[in-house]
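Secondary and tertiary structure notes
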Amino acid sequence: MITVTQVMTANPVLAHVDMSIAECGKLMRDKKVRHLPLVDSQGGFIGMLTDTNVLPPLDDDVSLVNLTVPIGTVSPVAPISKALKQLLDFQLEVAVVVDQKSRPIGIFTTKDVLTVMHAGLSDAVQARSIATRPVRAIAPDRPAVVALGVLFERDINHLLVCTPTEVVGVLSYRDLAIRDANIVSALTVGQLVSGRSV
């Protein structure tokens, strides 16, 4: 049995409840992380801060606790299946691994899921058998706000950016959420994905 400890990211970067939103945003950018477990003064897990709710410019009067998203926790000795259930139940990309005192000691992400799947999949499994369908796409000349509307209405996280002859890139909800709304409203989808290959 593979346990969470074997694949989790240990010693996650933490945000403390007394930090400001700006400090959390800087920490995310400096450490290049998308998730920050928020802890109280004793190190106990309160909730998860994500780049999509911390990095947009926000008023520092907003409480960090109010910005956290509901998230599952899992024991480090739990089987991977339990961590996967947490990801599915909360429809998030991360679960927090906590010790007996509810202190974060690691995170389990969709990247860890891919690592486990890669180790256990045979070449007989074809991508088409597990791929999401139908594929949603948008033209690169469309306004970025239109893409945001499609992502929201369809409750999806990614859109292929395509011309009639080629795939130009992939636009994620995160690409839009971490930018200032005034900037997004002035950009096209192609401008957001330019310079990134598929």
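Details of the structure are given in the entry above.
A brief report on the enclosed structure follows. In every chain, residue numbers begin from 1 and rise along the written sequence. Only residues with pLDDT of 70 or above have their local features reported here, since the model is predicted, and side-chain atom pairs are shown and tallied only from 80 upward, although totals for entire chains, interfaces and linings are computed over all residues. Hydrogens and water are ignored here; the side-chain numbers use all heavy atoms of the structure.

Next up on the list: the overall build of the protein chain. Looking only at helices and strands, the protein chain has eleven helices and ten strands in total. In the protein chain, which comprises 198 residues, the share counted as buried stands at 37%. Here, two residues are considered to be in contact whenever any of their heavy atoms come within 4.5 Å of each other. Looking at the protein chain alone, contacts between residues at least 24 apart form 50% of all its contacts between residues at least 6 apart. Total accessible area on the protein chain stands at roughly 11,900 Å², and carbon and sulfur atoms take up 55% of it. Runs of E in the DSSP output that reach at least two residues are strands. Runs of H or I that reach at least four are helices, and both are numbered from the N terminus. Only protein chains enter the area calculation, which uses a 1.4 Å probe; residues under 20% of their type maximum are buried, those over 50% are exposed, and those in between are partly exposed. Exposure was quantified through the Shrake-Rupley algorithm and a 1.4 Å probe, taking into account, for residues, occlusion by the shown protein chains and nothing else.

The subject of this paragraph is the pairing of strand 3 (residues 35-39). For strand 3, a buried count of five out of five residues is recorded, marking the element as mostly surrounded by other parts of the structure. The two faces of strand 3 match: H35, P37 and V39 on one face and L36 and L38 on the other face are all buried. Two strands make a pair as long as DSSP finds a minimum of two bridges between them. In terms of strand pairing, strand 2 (residues 15-16) meets strand 3 through two bridges, oriented parallel. Directly across from H16, in strand 3, lies its bridge partner V39.

Turning our eyes to something else, we now look at the nonpolar core. Among the nonpolar cores identified, the biggest contains 13 residues, and A15, C24, L36, L49 and L64 are the most heavily contacted of them. Going through the elements one at a time, helix 2 (21-31), strand 3 and helix 4 (64-67) are the ones with two or more residues in this core. Residue contributions to this core peak at four residues, all from helix 2. Note on terminology: a nonpolar core comprises buried Ala, Val, Leu, Ile, Met, Phe, Trp, Tyr and Cys residues joined through side-chain atoms within 4.5 Å.

Spatially, four strands are ordered 1-7-6-5 in an open sheet, and the strand pairing comes out mixed. Strands with a single pairing partner mark the edges of an open sheet, and in this sheet they are strand 1 (9-10) and strand 5 (73-74). Of the pairings in the sheet, the one linking strand 1 to strand 7 (residues 104-109) comprises two bridges and is antiparallel in character. Following the sheet pairing, A10 is matched in strand 7 by G106. Helix 5 (residues 80-90) contacts strand 5, strand 6 (94-98) and strand 7 of the sheet and is inclined by roughly 75° relative to strand 7. Note on method: axes are straight lines fitted to C-alpha atoms, helices fitted across the in-contact stretch only, with angles between N-to-C directions ranging 0 to 180 degrees.

Turning to helix 8 (residues 144-154), its buried residues number three or more, namely A144, A147 and L151. The buried residues of helix 8 occupy an angular sector of 55° when the element is viewed end-on, so they sit on one face. Summarising the geometry of helix 8, the exposed residues directed more than 90 degrees from the buried face are F152 and E153. Residue D155 follows helix 8 closely and has a positive phi angle near 55°. Summarising the geometry, the arc corresponds to the directions from the helix axis toward the C-beta atoms.

Here we take up the environment of A139. Inspection of the secondary structure puts A139 in the loop between strand 8 (137-138) and helix 8. Once the C-alpha coordinates of A139 and V167 are considered, the two residues, 28 residues apart in sequence, prove to be 9.5 Å apart. Apart from the residues lying within four places of it in its own chain, the contact partners of A139 are V161, C162 and V189.

Attention now moves to the environment of V97. When you line up the elements, V97 lands in strand 6. The spatial distance from the C-alpha of V97 to the C-alpha of P76 is 5.8 Å, given a sequence separation of 21 residues.

Let us look at the sheet that holds strand 3. Strand order in the open sheet formed by three strands is 2-3-4, with mixed pairing between adjacent strands. Since the sheet does not close on itself, it has two edges, and those belong to strand 2 and strand 4 (45-50), each with one partner. Helix 2 rests against strand 2, strand 3 and strand 4 of the sheet, and its axis sits at about 140° to strand 3.

This part takes up unusual backbone geometry. Phi angles above zero are rare outside glycine, and K32 is one such case at about 55°. In this structure, K32 sits in the loop between helix 2 and strand 3. Of the residues examined, K32 reaches a relative accessible area of 73% and is grouped as exposed. One non-glycine residue, S102, lies in positive phi territory at about 65°. With respect to the secondary-structure elements, S102 resides in the loop between strand 6 and strand 7. Judged by its relative accessible area of 38%, S102 is partly exposed.

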